[in-house]
Amino acid sequence: LGLGPGVAGQTPVTAEGPYVFTDEDAILRVISAGASVEYVVRTITPTGWGPARKGRAAVEKGTIRIAPLAEGIHIVSLKAASPYEIRFLAMDPPPKIDRKALLEALPYSGPKLLEGKPFVFLIMGDSVTASSDYGTLLLMLLRRAANNPKVTCVDRSKWGMTADHAVRLFREIALNTNPDAGLIMYGLNDERVFALDAYLESYRFVAENLRWQCHADPVFLMPTPHYAIPAEAARRRPDSNPPW
């Protein structure tokens with residue numbers, strides 16, 4: 001992300017990619033007539049403000065390189081023709097994949113992932129998924145952890161979707177995608193119109209047909225609970241399918 005007042009007729013500064021691993025440089029496109037630019041880097045980590053650094057970076061073909069300081073958000077302030085701020089997210093590289101655990105979790109598609117063959121993971125969900133970018137992050141992590149550049153992501157999430165939608169639109173969402181793994185997260189919209197048993201039945205249908213029709217592994221992500229339901233009140237109810 002690049003922010004700044006901009007220069008007439010020129011493109012604002014940006015990051016070549018919004019995400020990098022902490023062991024690689026972030027490439028930032030800048031507007032500068034000089035051979036180098038001054039910068040200040042600040043970081044926001046999971047525990048608050050993190051390390052900071054000042055320096056000067058060489059400009060090569062309109063870009064500079066910044067080494068991440070920690071896992072977290074990096075705020076790069078540039079002193080160029082006009083002041084600019086660029087942000088990127090750095091994350092630690094994933095550990096090497098545990099082959100045994102992976103093959104147990106993904107019996108259909110695990111071998112393809114480990115052998116470097118084309119591997120497609122399908123994202124299925126509602127607005128919680130559609131408005132996020134976890135597919136891009138997971139893509140980077142899987143490619144790195146499995147040493148497989150042929151991993152790709154297909155996002156079929158959509159605002160307002162329910163598990164019942166996934167059943168009725170299964171051909172469009174899943175069959176036409178030919179996935180190797182399907183990542184499923186519905187729930188926020190389902191609870192407003194469906195009872196728990198109907199919700200679970202839809203999940204069963206999607207999971208079984210991913211296996212039978214697509215020969216893919218279903219992966220259940222944490223369903224989204226309704227934020228207005230007090231957890232303590234829910235636990236006190238003996239009914240597993242309360243009105244809410």
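Quantities reported herein were computed from a predicted structural model and do not represent experimental measurements.

Thresholds, definitions, all that
Residues numbered from 1 in each chain as written. Predicted model: local features only at pLDDT ≥ 70, side-chain atom pairs only at ≥ 80, totals over all residues. Heavy atoms only, no water. Helix = DSSP H or I, 4+ residues; strand = E, 2+ residues; numbered from the N terminus. Buried < 20%, exposed > 50% of the residue type's maximum accessible area, 1.4 Å probe, protein only. Contact = heavy atoms within 4.5 Å. Areas by Shrake-Rupley, 256 points an atom, 1.4 Å probe, with all protein chains shown as cover. Polar contact = N/O pair within 3.5 Å; in protein donor to acceptor, adjacent residues only side chain to side chain. Salt bridge = Lys/Arg side-chain N within 4 Å of Asp/Glu carboxyl O. pLDDT = per-residue confidence, 0-100. Pairing = 2+ DSSP bridges. Axes fitted to C-alpha atoms, helices over the stretch in contact; angles between N-to-C directions. Phe/Tyr/Trp six-rings, centres within 6.5 Å; stacked < 30°, edge-to-face > 60°. Lys NZ or Arg CZ within 6 Å of the ring centre and 35° of its normal. Expected span 1.5 Å × (residues − 1).

Digging into the overall build of the protein
Consideration 1: Regarding its fold elements, the protein presents 9 helices and 13 strands.
Consideration 2: Within the protein, the fraction of its 244 residues that count as buried is 38%.
Consideration 3: Sequence separation of at least 24 residues holds for 67% of the intrachain contacts in the protein that already meet a minimum separation of 6.
Consideration 4: If you sum the accessible surface of the protein, you get close to 13700 Å²; carbon and sulfur atoms cover 56% of it.

Points about the side chain of asparagine 148
Consideration 1: Summarising the element assignment, asparagine 148 is placed in the loop between helix H4 (134–146) and strand S11 (151–155).
Consideration 2: Overall, the relative accessible area of 0% leaves asparagine 148 in the buried class.
Consideration 3: Among the polar contacts listed, one links the side chain of asparagine 148 to the backbone oxygen of leucine 113, at a separation of 3.1 Å.
Consideration 4: Leaving out residues up to four positions away in the same chain, asparagine 148 has contacts with Lys112, Leu113, Gly116, Lys117 and Arg143.

With respect to the pattern of salt bridges
Consideration 1: One pass over the structure, following the stated rule, counts 8 salt bridges.
Consideration 2: A salt bridge links aspartate 164 to arginine 168; the shortest N-O distance between them is 2.7 Å. In this pair, aspartate 164 and arginine 168 both sit in helix H5 (residues 163–168), 4 residues apart, roughly one turn of the helix.
Consideration 3: If you follow the salt bridges from partner to partner, you end up with Glu201, Arg204 and Glu208 in one network.

A word on the confidence of the model for the protein
Consideration 1: Averaged over every residue, the pLDDT of the protein is 85; the share at 70 or more is 82%.
Consideration 2: Element-level pLDDT for the protein is lowest in strand S1 (residues 2–3), with a mean of 40, against a maximum mean of 96 in strand S10 (residues 119–125).
Consideration 3: Counting interchain partners and residues more than four positions distant, the pLDDT-below-50 stretch residues 1–14 has 33 contacts.

With respect to the environment of serine 202
Consideration 1: Mapping serine 202 onto the fold places it in helix H8 (residues 196–212).
Consideration 2: The class of serine 202 is buried, set by a relative accessible area of 9%.
Consideration 3: In the structure, serine 202 is positioned 34 residues away from arginine 168 in sequence and 9.5 Å away in space, judged by C-alpha atoms.
Consideration 4: Not counting the four nearest positions on each side in its chain, serine 202 is found in contact with Ala163, Asp164 and Val167.

Description of the sheet that holds S11
Consideration 1: Pairing in this open sheet of 4 strands is parallel, and the strands run S11-S10-S12-S13 from one edge to the other. Of all the strands in the sheet, just S11 and strand S13 (217–220) have a single pairing partner and so form its edges. Sheet twist, expressed as the mean angle between neighbouring strand axes with direction ignored, is 20°.
Consideration 2: With 4 bridges joining them, strand S12 (residues 181–185) and S13 adopt parallel strand pairing. In the sheet register, glycine 182 faces S13, and the bridge partner there is proline 218.
Consideration 3: Along the sheet, H4 contacts S10, S11 and S12; its crossing angle with S11, the most-contacted strand, is approximately 165°.

Quick look at the packing of aromatic side chains
Consideration 1: Under the defined criterion, the tally for this structure stands at 3 aromatic pairs.
Consideration 2: Taking 4.9 Å as the distance between ring centres and 45° as the angle between the ring planes, the aromatic pair formed by tyrosine 199 and tyrosine 203 counts as tilted. Separated by 4 residues within a single helix, tyrosine 199 and tyrosine 203 lie in helix H8, roughly one turn from each other. Each of the two residues, tyrosine 199 as well as tyrosine 203, counts as buried.
Consideration 3: Linked through ring pairs, Tyr199, Tyr203 and Phe220 together constitute an aromatic cluster.
Consideration 4: Over the aromatic face of phenylalanine 21 sits the side chain of arginine 144, whose NZ or CZ is 4.9 Å from the ring centroid.

A closer look at H4
Consideration 1: Given a rise of 1.5 Å per residue, 13 residues ought to cover 18 Å, and the 18 Å separating the end C-alpha atoms of H4 matches this to within 8%.
Consideration 2: Turning to H4, its buried residues number three or more, namely Gly135, Leu139, Met140, Leu142, Ala145 and Ala146.
Consideration 3: Within two residues after H4, asparagine 147 carries a phi angle of roughly 50°, on the positive side.

A look at unusual backbone geometry
Consideration 1: Phi is positive for lysine 61, which is not a glycine, with a value near 55°.
Consideration 2: When you line up the elements, lysine 61 lands in the loop between strand S6 (48–58) and strand S7 (63–66).
Consideration 3: Its relative accessible area of 82% is what places lysine 61 among the exposed residues.

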